[in-house]
Amino acid sequence: MQFKRALGLLPLALLLIAWDIAVELKVYPEILLPRPMKVLMVFVEDWQTVLDNAGASIMRVVTGITLSFLIAVPLGLMIGRYKLLDLMTDWSIQIFRSIPPIALIPLAILFFGIGDKPAIVLIFLAGLWPLLINTIFGVRGIERTLIKVARAARASEGLIMRDIVLPAALPSIFTGLRLAVGSGWLTVVTSELIAVKSGLGYMILNAQLSFRSELIFAGIFVIGAIGLAADQLVRRVRAYVCRWQEGLTASPE
Amino acid sequence: MNRFIECNGVGKIFPSKNEPVEALRGIDFVGEEGEFVCLLGRSGCGKSTLLMMMAGLETVTSGQIAVAGHEIKGPSSDTAIVFQDHGLFPWMTVQKNVEFNMKARGVAAKERRATASQFLEMTGLTGFGDRYPHELSGGMRQRVGIARALTTRPKALLMDEPFGALDAQTRGKLQDELLDIWEKQKTTVLFVTHSIDEALLLADRILVFSPRPGRIAADIKVDLPRPRTSQSGDFSALARELRGLVGADREID
Ligand SMILES: Nc1ncnc2c1ncn2[C@@H]1O[C@H](COP(=O)(O)OP(=O)(O)OP(=O)(O)O)[C@@H](O)[C@H]1O
Ligand SMILES: [Mg+2]
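Fair warning: this is a prediction, and the values are worked out from it, not measured in the lab.

1. Section: the layout of surface pockets
- Volume-wise, the second largest pocket comes out at about 650 Å³.
- In terms of lining residues, the second largest pocket is bounded by 20 residues, among which Arg81, Arg144, Ile147, Lys148 and Arg151 of chain A are the most central.
- Put simply, the parts of the chain that give the lining of the second largest pocket at least two residues each are helix 4 (47-81), helix 5 (83-97), helix 7 (116-140) and helix 8 (144-152) of chain A together with helix 1 (47-54) of chain B.
- Of the residues forming the lining of the second largest pocket, the biggest block, four residues, is contributed by helix 8 of chain A.
- When grouped by side-chain class, the residues that make up the lining of the second largest pocket number nine nonpolar, three polar and eight charged.

Structure representation (structure tokens):
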């Protein structure tokens, strides 16, 4: 299964071959388009730089998304369950979520300066809306009979939230988390290009300024690889936490 | 005679945008303690609505319902309900599902476990405690629902077409088991069904409903000796009478 999944790397392999051919044919001068081998060497010679910057980016995303999770999930559970709260927030959520976090970079710099703070705030915002909306959506999808069972048993509101509303919404919450992590990762790289002096985004910007195109390529490659790894990680956690769902949902044939 | 379940002039009107729906009108009925009562009638004549009101999950528009001397104003600990679509929580194991009603009452974990095993045994589910609902057959799910309802030793067991979705054999088997349990536990049972045969196999008394608005069209005592089969004495005569009562309504609309 896992082996078959690796088939998904096929388009990437084709791209690498095309790249190598392009270098051979000297489509672009080598200072712009380095050999794949030279890019690989970055991981041998400059691994410390890559590692430090990747670590900085990952830390920001983990911090920002953790914050959005802690706020969006409880809030979403409440909004999904109580109609009045939904009425009071729906339109505002729809407005806020259509503002791309990148558009807020100038504001973030004004308020928080250059550094970790503006990046984390932007990642927090990038993750907040998908998590919030998917949590609300998950709560709405609860089978009505299940709530009736709980009410008939005279379960307290706390127990209903913890044992019924939250688990019922979990699959959807994880869908939101996947989107949030993806969007947070895009945001961290973008904000590092502008508002932060470390991280993978900053690394590739800096490489451009010093004409080290192989470092740019290596950076882009790492950004993609970490994106994939993060997504896989969330999927694994979801498969474990929602293992009761196995066999309940249709899978693509 | 013990007036155990009392409905006095119970009516229900569902408000709706176009035209309010009058689901029930003038339901008067007194059930004795320990009686097995079937509510029989065609689709849409308000059987489920009446059961939901008895469970305290729907409000009455007019009249009152009392169970064991207490007027029903909301879910009560004297009643427990079994739904047609079983209402099991898919994220809980069978064991946790059966424990839920007790958990809602604040019963200690140890006692919950012991009582749950006892009822799992009674319903023939020993050894399935660690399964998830989707790993069970329809008949087994229905048993879990029944086991869960019994754990709090309700004075009245309300069942809404619990065997409607099962094949004839499984249904027959569960009917026998339910009668066993009923004789052992001496609870009062209100059992909604579409099936004349099922009502005759189970009930001490059958309330025949007629639609639009739902009313009790006939109240029939079933004195057939137990255990019953469709060959028992007056079974076919009673079946014919009931067919007439249920079918007569068909000519009205
Ligand atoms: N929540 C609701 N809102 C509006 N109308 C409703 C609601 N619930 C039931 N009704 C209406 O009340 C009437 C009785 O419905 P009910 O579900 O009690 O019938 P039933 O006898 O249980 O039917 P069935 O045998 O198909 O389950 C129907 O006309 C139905 O459309
Ligand atoms: Mg019904």
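What follows picks up the thread again.
2. Notes on the sheet that holds strand 10 (residues 215-221) of chain B
All names here are of chain B.
- Ordered in space as 6-7-8-3-9-10, the six strands form an open sheet in which the pairing is mixed. In this open sheet, the two edge strands, each paired with only one partner strand, are strand 6 (79-82) and strand 10. Taken over all neighbouring pairs, the strand axes of this sheet differ in orientation by 20° on average, direction set aside.
- Examined bridge by bridge, strand 9 (residues 205-210) and strand 10 share six bridges and lie antiparallel to one another. Of the residues in strand 10, the one forming a bridge with Ile206 is Ile220.

3. Regarding the confidence of the model for chain B
All names here are of chain B.
- Summing up the model confidence of chain B, the mean pLDDT is 87 and the portion of residues at 70 or higher is 97%.
- Element-level mean pLDDT values for chain B span from 70 in helix 7 (residues 235-252) up to 95 in helix 2 (residues 94-104).
- Confidence drops under a pLDDT of 50 for residues 249-253, and excluding neighbours within four residues, the segment shows six contacts in the predicted structure.
- Both scores are given for the predicted complex: the pTM is 0.86, the ipTM 0.87.

4. Examining the packing of aromatic side chains
- Evaluated as defined, the whole model comprises 10 aromatic pairs over all chains.
- Members of the aromatic cluster, connected to one another through ring pairs, are Trp244 of chain A together with Phe89, Trp91 and Phe100 of chain B.
- Stacked on the ring of Tyr240 of chain A, the Lys or Arg Arg243 of chain A has its end atom at 4.5 Å from the ring centre.

5. Overview of the interface of chain B and chain A
- Taken together, the contact pairs 22 residues of chain B with 22 residues of chain A.
- When chain B packs against chain A, close to 2,100 Å² is buried across both sides, 68% of that on carbon and sulfur atoms.
- The largest share of the area that chain B buries against chain A comes from Leu57, Trp91 and His134 of chain B, three residues that together contribute 29% of it.
- Connecting chain B to chain A are one salt bridge.
- For Lys103 of chain B, the salt bridge is made with Asp163 of chain A, and the minimal N-O distance between the two is 2.7 Å.
- The biggest single contributor to the side of chain B that touches chain A is helix 2 of chain B, with four residues.

What counts as what
Residues numbered from 1 in each chain as written. Chains lettered and ligands numbered in written order. Predicted model: local features only at pLDDT ≥ 70, side-chain atom pairs only at ≥ 80, totals over all residues. Heavy atoms only, no water. 1 Å grid on protein atoms, 1.4 Å probe; cavity = no way out; pocket = protein on both sides within 12 Å on 5 of 7 lines; lining within 4 Å. Points joined across faces, edges and corners; volume = space filled by probe spheres on them. Helix = DSSP H or I, 4+ residues; strand = E, 2+ residues; numbered from the N terminus. Nonpolar A, V, L, I, M, F, W, Y, C, P; charged D, E, K, R; others polar. Pairing = 2+ DSSP bridges. Axes fitted to C-alpha atoms, helices over the stretch in contact; angles between N-to-C directions. pLDDT = per-residue confidence, 0-100. Contact = heavy atoms within 4.5 Å. Phe/Tyr/Trp six-rings, centres within 6.5 Å; stacked < 30°, edge-to-face > 60°. Lys NZ or Arg CZ within 6 Å of the ring centre and 35° of its normal. Buried area = accessible area lost by both parts, 1.4 Å probe. Salt bridge = Lys/Arg side-chain N within 4 Å of Asp/Glu carboxyl O.

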